[in-house]
2 protein chains.
Amino acid sequence: MSRSNPRVLSTLERAGGFASAQEIYRLMQREGESIGLTTVYRALQSLVNDKIVDVLRRDDGEAIYRLCGEAHHHHLVCKGCGDTVEIEGGAIEKWAKAMAEEHGFRDVGHTAEIFGLCTKC
Amino acid sequence: MSRSNPRVLSTLERAGGFASAQEIYRLMQREGESIGLTTVYRALQSLVNDKIVDVLRRDDGEAIYRLCGEAHHHHLVCKGCGDTVEIEGGAIEKWAKAMAEEHGFRDVGHTAEIFGLCTKC
DNA sequence: TACGGAAATGAAAATCATTTTCATTTGTGA
DNA sequence: TCACAAATGAAAATGATTTTCATTTCCGTA
Ligand SMILES: [Zn+2]
Ligand SMILES: [Zn+2]
Ligand SMILES: [Zn+2]
Ligand SMILES: [Zn+2]
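Residues numbered from 1 in each chain as written. Chains lettered and ligands numbered in written order. Predicted model: local features only at pLDDT ≥ 70, side-chain atom pairs only at ≥ 80, totals over all residues. Heavy atoms only, no water.

(A) Here's a closer look at the packing of helix 1 (residues 6-14) of chain A against helix 2 (residues 21-30) of chain A. Residues and elements named next belong to chain A. Between helix 1 and helix 2, whose axes approach to 10 Å, the crossing angle comes to 100°. Classed by the angle they form, the pair helix 1 and helix 2 counts as roughly perpendicular. Only Ile24, Leu27 and Met28 of helix 2 make contact with helix 1, whose side of the interface consists of Arg7, Val8, Thr11 and Leu12. Per-class residue counts for the contact of helix 1 with helix 2 are 5 nonpolar, 1 polar and 1 charged. (Axes fitted to C-alpha atoms, helices over the stretch in contact; angles between N-to-C directions. Helix = DSSP H or I, 4+ residues; strand = E, 2+ residues; numbered from the N terminus. Parallel < 35°, antiparallel > 145°, perpendicular 65-115°, else oblique. Contact = heavy atoms within 4.5 Å. Nonpolar A, V, L, I, M, F, W, Y, C, P; charged D, E, K, R; others polar.)

(B) Seen up close, the coordination of the zinc ion (ligand 2). Residue and element names in this part refer to chain A. Protein-derived ligands of the zinc ion (ligand 2) are His72 (NE2), His74 (NE2), Glu93 (OE), Glu93 (OE) and His110 (NE2), with the metal-ligand distances lying across 1.9 to 2.6 Å. In the primary sequence, the donor residues of the zinc ion (ligand 2) line up as H-x1-H-x18-E-x16-H. Note that His72 is positioned in the loop between strand 3 (63-67) and strand 4 (74-78) and His110 in strand 6 (residues 106-117), a separation of 38 residues in sequence. (Donors = N, O, S within 2.8 Å, 3.2 Å for Na, K, Ca; no water.)

(C) Quick peek at the environment of Cys121 of chain A. For Cys121 of chain A, the position within the fold is in the segment after strand 6. A sequence separation of 42 residues divides Cys121 of chain A from Lys79 of chain A, and the C-alpha atoms of the two residues are 8.7 Å apart.

(D) Here's a closer look at the protein's contact with DNA strand D. Taken together, 15 residues sit near DNA strand D, with Arg3, Thr39 and Arg42 of chain A together with Tyr41 and Ala63 of chain B positioned nearest. Of everything in DNA strand D that lies within 4 Å of the protein, sugar and phosphate atoms constitute 61%. Here a base nitrogen of DNA strand D sits 2.4 Å away from a polar atom, N or O, in the side chain of Arg42 of chain A. Among the secondary structure elements, those contributing two or more residues to the surface near DNA strand D are helix 3 (37-49) of chain A together with helix 3 (37-49) of chain B. (Near = heavy atom within 4 Å. Polar contact = N/O pair within 3.5 Å; in protein donor to acceptor, adjacent residues only side chain to side chain.)

(E) Layout of the sheet that holds strand 3 (residues 63-67) of chain B. All names here are of chain B. Taken together, the 3 strands give an open sheet; going across it, the order is 1-3-2, and neighbouring strands pair in antiparallel fashion. In this open sheet, the two edge strands, each paired with only one partner strand, are strand 1 (18-20) and strand 2 (53-57). Direction aside, neighbouring strands of the sheet carry axes that sit 30° apart on average. Sheet topology places strand 1 next to strand 3; 3 bridges connect them, and they run antiparallel. Bridging across to strand 3, Phe18 finds its partner in Arg66. Across the sheet, helix 1 (residues 6-14) lies against strand 1, strand 2 and strand 3, angled at about 90° from strand 3, the strand it touches most. (Pairing = 2+ DSSP bridges.)

(F) Structural view of the protein's contact with DNA strand C. Surveying the vicinity of DNA strand C reveals 15 residues, the closest of which are Tyr41 and Ala63 of chain A together with Arg3, Thr39 and Arg42 of chain B. Sugar and phosphate atoms constitute 58% of the interface atoms of DNA strand C, taking the interface as everything within 4 Å of the protein. Within the backbone of Gly36 of chain B, an N or O atom sits 3.2 Å from a phosphate oxygen of DNA strand C. Of all the elements in the fold, those that place two or more residues in the surface near DNA strand C are helix 3 of chain A together with helix 3 of chain B. Counted by class, the surface near DNA strand C contains 4 nonpolar, 8 polar and 3 charged residues.

(G) Representation of unusual backbone geometry in the model. Unlike most non-glycine residues, Asp107 of chain A shows phi in positive territory, near 60°. Relative to the assigned elements, Asp107 of chain A resides in strand 6. The class for Asp107 of chain A is exposed, based on a relative accessible area of 52%. A positive phi angle, near 60°, is found at Lys51 of chain B, a position not held by glycine. Tracing the backbone shows Lys51 of chain B in the loop between helix 3 and strand 2. (Buried < 20%, exposed > 50% of the residue type's maximum accessible area, 1.4 Å probe, protein only.)

(H) Molecular detail of helix 3 of chain B. Residue and element names in this part refer to chain B. For helix 3, built from 13 residues, the straight-helix expectation of 18 Å at 1.5 Å per residue is met to within 8% by its first-to-last C-alpha distance of 19 Å. Residues of helix 3 that are buried include every one of Val40, Ala43, Leu44, Ser46 and Leu47, and no others. Buried residues of helix 3 fall within an arc of 160° about the axis and therefore sit on the same side. Along its buried surface, helix 3 packs onto helix 1, helix 2 (21-30), strand 2 and strand 3. Lys51 sits one or two positions beyond helix 3 and adopts a positive phi of about 60°. (Expected span 1.5 Å × (residues − 1). Arc of directions from axis to C-beta.)

In structure tokens, the structure reads:
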């Protein structure tokens, strides 16, 4: 039942290991690959089931898929131009762990983003 | 420009301070209140702008709105039952500020949520 | 009180990501 | 070659959210 289409996986890698289904589909189209949107969705679903990729949500609700095993990191996003800087979590990682423990939560993850205006904006 | 319809706010309160736009709309209908879905969405949007409610996403992508104290804080959310604990940012506040400075960003804000399974789940 | 413009409202249509359906193609073992 | 299961993808369906736009409600002023 492994529908983990390798072309979809490789496109996700090429996209920086971080993209939505629609973006992956458009990227493959642009590169001349013949594939259906449905297949992209099914492949991503399968990769999620196999725990090869992670899924989370953009602020607008669109699902974004991320290769697992990539180093965990956070983002600094410019509200003006959309420029994004990947940053280390540092203190956050400890904070999240401590808070979870304090309240008896297990199997925890976290999200953390910083947004503002970059030097150019 | 305050479209923060008080009936919508009071319904959100009655719903336990935690509901989606569709749920609030259905609840108001069931209680015989005359209101349009569009107005519910606009009222919630306005409440978010006024920072009277928080918005986050269910796993299926649907936006849920939650009443929120005005002090800046973060959340520890149970993936199982949806239980939410408001927590202090502590280290995060400094981290966000430091990261923004390091990259020359100004006018910055941040989001940070921790999710996992609570003791009951 | 009557008028006029601004803000609010909501029904219906549009948008958009995602899922479902279903007919067709492809792959594989006997 | 044959039969059959799995994969594929176009098109339709779904469902939340947004947009449009005509109508109604408010409010300040003459
Ligand atoms: Zn910028
Ligand atoms: Zn982290
Ligand atoms: Zn729980
Ligand atoms: Zn904070």
